[in-house]
Amino acid sequence: MTPETDDAFAAIRSDHGATSLSRVERMLEPGGGGPRHPLRRGARWILPGLSATPWHEPRAHPELVPVVEALERAHPAIKDESTSAWEMRREAFSAYEHYLTRQEDWQALHLYRGGAMVEPSAALVPTAYKVLEEFAVDSEKICPLLESHFSTLLPGASIAPHCDLWNFSINLHLAVDIPNGCSITVAGETRTWQEGRCLLFDYSFEHEARNDGDRPRTCLLVDLWHPETTLAERRALVVLVTEVRRLMGADG
């Protein structure tokens, strides 16, 4: 904690109550707020008190249902536009830079990054851009610390098992274009994407993906706030992570 975070946390407590940040404070204690599931050991932060569920039913959280349903309704247009962008504007995609590595056979087209919409993407994939902006960004369901992007995994590519940084956001996948032979494994449970449908999972658990198909696999990924976090916690976590990144000079 720094004087800046202390001041920001004090302001949040003033607005939301003296105990509104108790879970965030416990997360920052030595030991990270309690024992961890073995397949979460690679995560940096675990906010205590959130459901420790690797897979989530996308429609189980009322807060997220509008995002899920809007994306699934728009799937045909989203698929057409993303396919056209891949075929005609390949230079708009880039090797995905995960915090662990840069992976050439994992290509990304970003729609939201650095706390804002990526405006050049509006012309390439207007339907996904509009849906994301209306249902995730304007409604403040997206986690501004992270991103949304089309994730294209090339044939034969795999994403090695890893944990992401924390559990206070969760990852929504709209299955855009899914060949046979693709899979995703979270906490030891393997599933496949159903084209036009969403998957939702907690990526603080170890997870991996692979494309053993004969053409690229594309999903639209959106990093959403975990619906069990409070507004006060979300404000504090943005302050905290932003300050850590500033001090480190890189992603925290």
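Residue numbers here run from 1 along each chain, matching the order of that chain's written sequence. With pLDDT at 70 or above as the cut-off, local features in this predicted model cover only qualifying residues; side-chain atom pairs require 80 or more to be listed or tallied, and sums for whole chains, interfaces and linings still use all residues. Just so you know, side-chain values use all the structure's heavy atoms and leave hydrogens and water out.

I tried to follow the packing of helix α3 (residues 65-73) against helix α6 (residues 126-137) on my own but got confused; where do I start?
Helices that pack against each other are described as a pair by the angle of their axes relative to one another and the distance between those axes. One way to put it is that α3 packs onto α6 with a least axis distance of 9 Å and a crossing angle of 170 degrees. The angle between α3 and α6 falls in the class roughly antiparallel. Two secondary-structure elements touch here, α3 through P66, V67, A70, L71 and R73 and α6 through V131, F135 and A136. Classifying every residue of the contact of α3 with α6 gives 7 nonpolar, no polar and 1 charged. What counts as an axis is a line fitted to C-alpha atoms, over the stretch in contact for a helix, and the angles between N-to-C directions run from 0 to 180 degrees. Strands here mean DSSP runs of E at least two residues long; helices mean DSSP runs of H or I at least four residues long; both are numbered from the N terminus. Orientation categories follow fixed angle ranges, with anything under 35 degrees roughly parallel, anything over 145 roughly antiparallel, 65 to 115 roughly perpendicular, and all other angles oblique. By definition, residues are in contact when any of their heavy atoms lie within 4.5 Å. Classes in brief: Ala, Val, Leu, Ile, Met, Phe, Trp, Tyr, Cys and Pro nonpolar; Asp, Glu, Lys and Arg charged; the others, Gly included, polar.

Whenever I open this one, the packing of aromatic side chains confuses me. Can you help?
Within a pair of aromatic rings, the relevant descriptors are the distance that separates the centres and the angle that separates the planes. By convention, a stacked pair of Phe, Tyr or Trp rings (six-membered ring in the case of Trp) has centres within 6.5 Å and planes under 30 degrees apart, an edge-to-face pair has planes over 60 apart, and any other such pair is tilted. Considering all chains together, one arrives at 7 aromatic pairs under this definition. Arranged with centres 5.8 Å apart and planes meeting at 55 degrees, the rings of W55 and F201 form a pair that is tilted. Pair noted here: W55 is in strand β1 (residues 55-56) and F201 is in strand β10 (residues 198-201), with a separation of 146 residues, a long-range link. For each residue, the accessible area found with a 1.4 Å probe, counting protein chains only, is set against the maximum for its type, and the residue is called buried under 20%, exposed over 50%, and partly exposed in between. Using a relative accessible area of 2% as the deciding quantity, one classes F201 as buried. Sitting over the ring of W86, R90 keeps its end group 3.7 Å from the ring centre. The ring of W193 has R217 sitting right over it, with the charged end atom 4.8 Å from the ring centre. As a reminder, the over-ring test applies to NZ of lysine and CZ of arginine, requiring each to be within 6 Å of the ring centre and within 35 degrees of the ring normal.

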